[in-house]
Amino acid sequence: MFELNGRTALVSGAGQSVGEGIATVLARQGAAVIVNDLFAERAERVAAKIVAEGNQAIAKAFDVTDYAATVAAVRAAESELGGKVNILVNNAGVAEARAGKPFRELDPEQWPPSIDLNIYGAMNCIKAVLDEMCETGWGRIVQISSGSARTGQNINVSMYATGKSGIEGFIRHLAAETGQYGVTANIVALGHQANLADKMPPEMIDRIISTIPIGRLGDPIEVGAFCAYLASDESGGMTGQTLDFNGGSQTR
């Protein structure tokens, strides 16, 4: 069940954290994985770990906000692997040039990085692989998002949340357009993940964990397992959905 043998997957932003977990699990389930990251050394490290486990992966460093670079890298990777991408996980979402400030303190030139990455970066990857999915009659698109897209938060992430809100709306329309071709598109809205512990002092992490019913931060391998289901044949009846994966910290 949830086997991905014979599938080719592209995971953006897979050089660390959640993206690494997703790429690792998809490969364990049998997919040949294109490990994307903005930084070559990160992508190569993750791809090497996957190969060391006896699974198939190659590293491709490119900026998903650059459409031409994205298409060129995807075509090159497909040629190397001998298969077209039929699973896409858009995980890249934290822009290198992001500014963590309240909106009133942001200059207009600080708005685009998070919006460009989360909207145009995701759309570029989708555009690069969608025609082949539709023409062959099978495809899986998984968009990683965040509870920030639908919940107002006073934590200086307004531009990140704007990008996530925008791509969630796009994915719902995409799902409606492509379901007839056997292509599904779903959104996984994450809560706080384990990598947060590297970015905040322990006392702040403790406060965050106190708001999470399961009593801990998210596990990248668990996220990967959920994405493996959404990438599988067995998930074919689900599309256009936003699925919360947050330890119960936000419920609707």
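In this report, we go over the structure that sits alongside the text. Since this is a predicted model, take the numbers as computed values, not measurements.

Rules of the game
Residues numbered from 1 in each chain as written. Predicted model: local features only at pLDDT ≥ 70, side-chain atom pairs only at ≥ 80, totals over all residues. Heavy atoms only, no water. Helix = DSSP H or I, 4+ residues; strand = E, 2+ residues; numbered from the N terminus. Rg over C-alpha atoms; globule rule 2.2 N^0.38 Å. Buried < 20%, exposed > 50% of the residue type's maximum accessible area, 1.4 Å probe, protein only. Contact = heavy atoms within 4.5 Å. Lys, Arg positive; Asp, Glu negative; His and termini not counted. Charge placed at Lys NZ, Arg CZ, Asp CG, Glu CD. Pairing = 2+ DSSP bridges. Axes fitted to C-alpha atoms, helices over the stretch in contact; angles between N-to-C directions. Salt bridge = Lys/Arg side-chain N within 4 Å of Asp/Glu carboxyl O. Expected span 1.5 Å × (residues − 1). Bend = angle between axes of the 7 residues up to and from the residue. Polar contact = N/O pair within 3.5 Å; in protein donor to acceptor, adjacent residues only side chain to side chain. Arc of directions from axis to C-beta.

### Thoughts on the overall build of the chain
Okay, step 1: When its secondary structure is counted, the chain shows seven helices and seven strands.
Okay, step 2: The N-to-C order of helical and strand elements in the chain reads β-α-β-α-β-α-β-α-β-α-β-α-α-β.
Okay, step 3: What you see for the chain is a C-alpha radius of gyration of 17 Å, in line with the 18 Å of a compact globule of 252 residues.
Okay, step 4: Across the 252 residues in the chain, those meeting the buried criterion constitute 47%.
Okay, step 5: Here the contacts in the chain between residues at least 6 apart in sequence split such that 72% fall between residues at least 24 apart.
Okay, step 6: Taking the average location of the 20 positive side-chain charges in the chain and that of its 28 negative ones, the two points are 3 Å from each other.

### Description of the environment of Pro202
Okay, step 1: Structurally, Pro202 can be placed in helix H6 (residues 202-209).
Okay, step 2: Looking at Pro202, the relative accessible area reads 58%, which means it is exposed.

### Some points on the sheet that holds strand E1 (residues 8-11)
Okay, step 1: Strand order across the open sheet formed by seven strands is E3-E2-E1-E4-E5-E6-E7, with parallel pairing between neighbours. Two strands bound the open sheet, and with one partner strand each, they are strand E3 (57-61) and strand E7 (242-245). Put simply, the sheet's adjacent strands are angled 20° from each other on average, direction ignored.
Okay, step 2: Pairing analysis gives eight bridges linking strand E5 (residues 139-146) to strand E6 (residues 183-190), with the strands arranged parallel. Each residue of the ladder has a partner; that of Ser146, found in E6, is Leu190.
Okay, step 3: Running at roughly 165° to strand E4 (residues 87-90), helix H4 (residues 112-136) makes contact with E1, E4, E5 and E6 of the sheet.

### As for the pattern of salt bridges
Okay, step 1: Overall, the coordinates contain twelve salt bridges when judged by the stated rule.
Okay, step 2: The shortest N-O distance in the salt bridge between Arg28 and Glu53 comes to 2.7 Å. Separated by 25 residues along the polypeptide, Arg28 in helix H1 (residues 17-28) and Glu53 in the loop between helix H2 (40-52) and E3 bring together distant segments of the chain.
Okay, step 3: Among the residues examined, Arg28 registers a relative accessible area of 43% and is labelled partly exposed.
Okay, step 4: By relative accessible area, which is 40% here, Glu53 ends up partly exposed.
Okay, step 5: Note that Arg42 is salt-bridged to Asp37, the shortest N-O span being 3.0 Å.
Okay, step 6: According to the relative accessible area criterion, Arg42 is partly exposed, its value standing at 21%.
Okay, step 7: Classification of Asp37 by relative accessible area gives buried; the value is 2%.
Okay, step 8: Beyond isolated ion pairs, a larger network of salt bridges with shared partners links Arg150, Glu168, Arg172 and Asp244.

### Structural notes on H4
Okay, step 1: Here H4 is 25 residues long and its end C-alpha atoms lie 35 Å apart, about the 36 Å a rise of 1.5 Å per residue gives.
Okay, step 2: For H4, the principal kink sits at Val129 and spans about 40°.
Okay, step 3: Note on H4: the residue one or two positions beyond its end, Gly137, has a positive phi of about 80°.

### Side note on the side chain of Asn36
Okay, step 1: For Asn36, the position within the fold is in strand E2 (residues 32-37).
Okay, step 2: We classify Asn36 as buried; its relative accessible area is 2%.
Okay, step 3: In this structure the side chain of Asn36 is engaged in a polar contact, spanning 3.0 Å, whose partner is the backbone nitrogen of Gly13.
Okay, step 4: Within the structure, Asn36 has its side chain in polar contact with the backbone oxygen of Phe62 (distance 3.1 Å).
Okay, step 5: Those residues within four positions of Asn36 in sequence are excluded, and the remaining contacts are Leu10, Val11, Ser12, Gly13, Ala14, Gly15, Ala43, Lys60, Ala61, Phe62 and Val64.

### Quick word on helix H7 (residues 220-230)
Okay, step 1: Within H7, burial applies to Pro220, Val223, Gly224, Cys227, Ala228 and Leu230. Buried residues of H7, seen end-on, are gathered within an arc of 155° and therefore sit on one face of the element.
Okay, step 2: Buried-residue contacts for H7 involve H1, E4, E5, E6 and E7.
Okay, step 3: Measuring from the side-chain oxygen of the N-cap residue of H7 to the backbone nitrogen of Ile221 gives 2.9 Å; that N-cap residue is Asp219.

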